[in-house]
Amino acid sequence: MNTVIRCENVTKSYGDLRAVDGVSLEVRQGEIFGMIGPNGAGKTSLLECIEGLRSRDGGTIEVLGLDPEKDVTEVRERTGLQLQTSALPSRIKVGEALELFSSFYRNPADWRRILASLELSEKEGAYVEKLSGGQRQRVFIALALVNNPEILFVDEITTGLDPQTRHRVWDVIRSIRDAGTTVVLTTHFMEEAERLCDRVAIVDRGRIVAVDTVPNLIAKLGAENSVSFTVDRQPPVQLLESVEGVTRVQVTGDRVVVHGGGDRFAQRVMGVLADADLSVGDFQSQRASLEDVFLALTGRHMPEPQQDDDDAPHARGRGGRRARKARKGGAR
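Just so you know, the residues in each chain are numbered from 1, in the order the chain's sequence is written. Two thresholds apply to this predicted model, a pLDDT of at least 70 for residue-level local features and 80 or more for giving and counting side-chain atom pairs, whereas whole-chain, interface and lining totals are computed over all residues. Side-chain measures were taken over the full set of non-hydrogen atoms in the model, leaving aside hydrogen atoms and water.

### Remarks on the overall build of the chain
Under the DSSP-based scheme used, a helix requires at least four consecutive residues in state H or I and a strand at least two consecutive residues in state E, with every element numbered from the N terminus. From N to C terminus, the chain includes 12 helices and 13 strands. Along the first, second and third principal axes, the C-alpha atoms of the chain reach 75 × 45 × 35 Å. Type-normalised accessible area, obtained with a 1.4 Å probe on protein chains alone, sets the label of each residue: buried when under 20%, exposed when over 50%, and partly exposed for intermediate values. Looking at the chain as a whole, 51% of its 332 residues qualify as buried. Residues count as neighbours in contact if any of their non-hydrogen atoms are within 4.5 Å of one another. Partitioning the contacts of the chain with sequence separation of at least 6, the portion at a separation of at least 24 is 71%. Total accessible area computed for the chain in this model is approximately 15,700 Å², and 44% of it derives from carbon and sulfur atoms. Accessibility throughout is a Shrake-Rupley quantity obtained with a 1.4 Å probe, and a residue counts as covered only by protein chains that appear here.

Laid out in structure tokens, this is it:
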């Protein structure tokens, strides 16, 4: 599989703060590659260096074989960018925004077809500021796709969205990957990384501490899974302990917790219970997660992401910069 992004020993500092500290990584063509870590870990600084929005202090970066600082116009023509917080003029309509952004590129896509794929055709004549948070996010994704990008960058794309809207945006990201576009995203939402990413890089204090698929990262952790349930009579502890992969069985009152791992661990436990003709209730399965991996590698938990009202206006922080860069040579 071709490498479309290559970073070698990249550094970026702000005064005495080393935000990106000697990062090396590769992103493969056609994958969803995630950079995960808490706010302040250096994810966005690294992403902005890769995108060419910030100048790196050291190291090398190649995007589609190009230097994003030197080959600015070509990189912008071939990549799309969805910022965490973006903004447009308050009285611009969806169709007007897409028509404007399309004019920045040599070979733009059919933006009406993009709107249709994002289920936004009926919003073409609506003012962007009147849309819900999820609809606005999809509009900004559409703006990032108007140039048929080979790589799409998305930064904390679902922060502040309600769960239903978040899942809808995930479906959009998957469809973009399935259509052949490489997607690079940052997130501090662990479930998002587990559900979406083909591979993830765990970023902590400006450094990459691990890169792999989520299943491989969890497997390397060696953490146990568990199943728990209630029973109406004495459970067959010895039989459960003899199940392949089971390491220990705990019984507290009518609650039984079986710890272990391996393929079909939970199914094997359930098979023993069925053979014993036990009446089982409140069956729960818990497996090691990306959160456990992050805790093991960094020594701290990932903060819970905040959820805002889906209809609340988005912060405009970096939107101004996006608009300025668009006017100078292409919407990012």
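### Some remarks on the packing of helix α8 (residues 214-221) against helix α11 (residues 290-298)
Contact pair α8 / α11: the axes reach a minimum separation of 9 Å and the direction vectors enclose 55 degrees. Comparing the axis directions of α8 and α11 gives the class oblique. Crossing of α8 against α11: the hand is left-handed. Contact residues: V214, L217, I218 and L221 in α8; L290, D292, V293 and A296 in α11. A fitted line through C-alpha atoms serves as each axis, taken over the contacting stretch for helices, and the angle formed by two N-to-C directions is quoted from 0 to 180°. Any angle from 65 to 115 degrees is called roughly perpendicular, while one under 35 is roughly parallel, one over 145 is roughly antiparallel, and all others are oblique. Helix crossings are classified by the rotation of the near helix relative to the far one: an anticlockwise turn of less than a right angle makes the crossing left-handed, while a clockwise turn makes it right-handed.

### Considering the pattern of salt bridges
A pair is scored as a salt bridge if a Lys or Arg side-chain nitrogen falls within 4 Å of a carboxyl oxygen belonging to Asp or Glu. The final tally for this structure, using the stated rule, is 23 salt bridges. Here D212 ties to K220 by a salt bridge, and the two come within 2.6 Å at their closest N and O atoms. A residue is classified by how much of its surface remains accessible, and D212, at 14% relative accessible area, is buried. Given a relative accessible area of 61%, K220 falls into the exposed group. When salt bridges with common partners are traced through the structure, they connect R6, E26 and E62 into a single cluster.

### Things to note about the pairing of strand β1 (residues 3-14)
A pair of strands is treated as paired once DSSP finds two or more bridges between them. Strand direction decides the pairing type here: β1 and strand β2 (residues 17-28), joined by nine bridges, are antiparallel. Bridge assignment links V10 to a residue of β2, and that residue is V23. Linkage of β1 to β2, two consecutive antiparallel strands, is achieved through a turn of two residues, within which G15 is found at a positive phi near 65 degrees. Two elements, β1 and strand β4 (residues 58-63), share five bridges in a ladder whose sense is antiparallel. Residue pairing for β4: T11 is matched across the bridge by G58.

### A closer look at the nonpolar core
We define a nonpolar core as any set of buried Ala, Val, Leu, Ile, Met, Phe, Trp, Tyr and Cys residues linked to one another through side-chain atoms lying within 4.5 Å. Among the nonpolar cores identified, the biggest contains 51 residues, and L88, L98, I141, L143, I173, I176 and L290 are the most heavily contacted of them. In terms of residue count, the dominant contributor to this core is helix α5 (residues 133-145) (seven residues). Leaving out residues up to four positions away in the same chain, I176 has contacts with I141, L145, L152, T181 and V183. Judged by nonpolar contacts, the second largest core, of 26 residues, contains I5, V10, M35 and L83.

### Describing the confidence of the model for the chain
Mean pLDDT over the chain stands at 85; residues scoring 70 or higher make up 90%. In this model residues 307-332 is a low-confidence stretch, pLDDT under 50, and it forms 70 contacts with partners more than four residues away in sequence or in other chains. Per-residue confidence from the predictor is reported as pLDDT, which spans 0 to 100.

### Description of helix α10 (residues 265-275)
Listing the buried residues of α10 in full gives F265, A266, V269, V272 and L273. For α10, the buried positions fall inside an angular range of 125 degrees around the axis, keeping them on one side. Away from its buried face, by an angle of more than 90 degrees, α10 presents the exposed residues A274 and D275. Looking at the buried side of α10, the elements it contacts are β10 (225-231), α9 (237-241), β11 (246-252), β12 (255-260) and β13 (280-286). The positive-phi residue at the C-terminal boundary of α10 is D277, with phi of around 55 degrees. Directions pointing from the helix axis toward each C-beta atom define the arc.

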